[in-house]
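Now for the letters of each chain:
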Amino acid sequence: MKIAIHGRSFTTDTQPYVQAFFDILKSRQIELSISSSFYSFLLSAGVDPYTEKNYPHPHGAPDADFIFSIGGDGTLLEAVMQSRSRQIPILGINTGRLGFLATVSPPMINDSLEALFQGNFQTEDRTLVSLLSNTDLFEDYNFALNDFTITKTDTSSMITVHAYLDGEFLNSYWADGLIISTPTGSTGYSLSCGGPVVLPTNDVFVITPISPHNLNVRPMIIPDISKLSFRVESRSSNFLVSLDSRFRIVDSTVTLMVKKELFKARLVKLSQDNFVQTLRTKLHWGLDARN
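All of these numbers come straight from a predicted model, not from anything done at the bench. (Residues numbered from 1 in each chain as written. Predicted model: local features only at pLDDT ≥ 70, side-chain atom pairs only at ≥ 80, totals over all residues. Heavy atoms only, no water.)

Trainee: Tell me about the pairing of strand β9 (residues 147-151), and name the residues and values.
Mentor: By the criterion of burial, β9 is predominantly enclosed, with five of the five residues buried. Residue alternation in β9 divides its side chains into two sets, Asp147, Thr149 and Thr151 and Phe148 and Ile150, and both sets are buried. Sheet analysis places β9 next to strand β12 (residues 177-181), joined by five bridges and oriented antiparallel. Note that in β12 the partner of Ile150 across the bridge is Leu178. In this sheet, strand β16 (residues 238-243) lies alongside β9 in antiparallel orientation, the contact comprising four bridges. Its bridge partner lying in β16, Thr151 is registered against Leu240. (Buried < 20%, exposed > 50% of the residue type's maximum accessible area, 1.4 Å probe, protein only. Helix = DSSP H or I, 4+ residues; strand = E, 2+ residues; numbered from the N terminus. Pairing = 2+ DSSP bridges.)

Trainee: Describe the pattern of salt bridges, with residues and values.
Mentor: Per the stated rule, a full pass over the model turns up 10 salt bridges. Arg290 is paired through a salt bridge with Asp288; the nearest N and O atoms lie 2.6 Å apart. The exposure class of Arg290 is exposed, given its relative accessible area of 73%. (Salt bridge = Lys/Arg side-chain N within 4 Å of Asp/Glu carboxyl O.)

Trainee: How would you sum up unusual backbone geometry? Please name residues and give values.
Mentor: A positive phi angle, near 50°, is found at Ser211, a position not held by glycine. Position of Ser211 relative to the elements: it lies in the loop between β13 (204-210) and β14 (220-223). Non-glycine residue Ser237 carries a positive phi angle of around 70°. Along the chain, the position of Ser237 falls in the loop between β15 (228-233) and β16.

Given below as structure tokens:
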């Protein structure tokens, strides 16, 4: 088995769990490769990864059967960039804070690895949103697992986003911006702007305005076979577009269209993973400080 590992920095409290993780992989004689940025951090943190094999991030293309991400949801999004169209299954170990994607906590590492080695897991394919433009904004990484956003670049004035659904005029959003979210991303930026929670395997996109001037403009759910195109007006003559955590400043000459990507992100789903349970835990549903 070949495993690629990507991560970010972690606290000293997490260090023993990470070292134990590499100890288990070594005992199993797993062939490892580590993203170069994470490899450097591991050495500085006193973790012995038992290998010197590493690959460049983010433009690396690891030869692996699985990718493990060690960090939060943002780290797993970077692992999706590394997997790209090869759809390498990704398992997220959560050493961050709020995690909807990275679901394995450090104390669960041993049991989760054992389940993986025994084949006691499933994979779940997640829809990606793809950006098409007349300018090469994101090179080979013009896709996102969470969302595509259009936002203003300054704090003084709103922008107007004219949106078209399958070529037909939909609405002019006079707002701070617009989010096009996948089902996976519905629990991210879209949720904080009043968007709905969507089950991650649903075949939809969510259109969520950011601080709209007209309060009767509400989030909207559309089929993910739809194509959305945009024309943006801004007093500053430019605006911001982003795919997950990657962003570019563009002007009104750039044409933008989003649609469903041809490939998907493949996530490892262990037996203890349950989306609605994660919702209750992470969002504290059903909890009342008065009780």
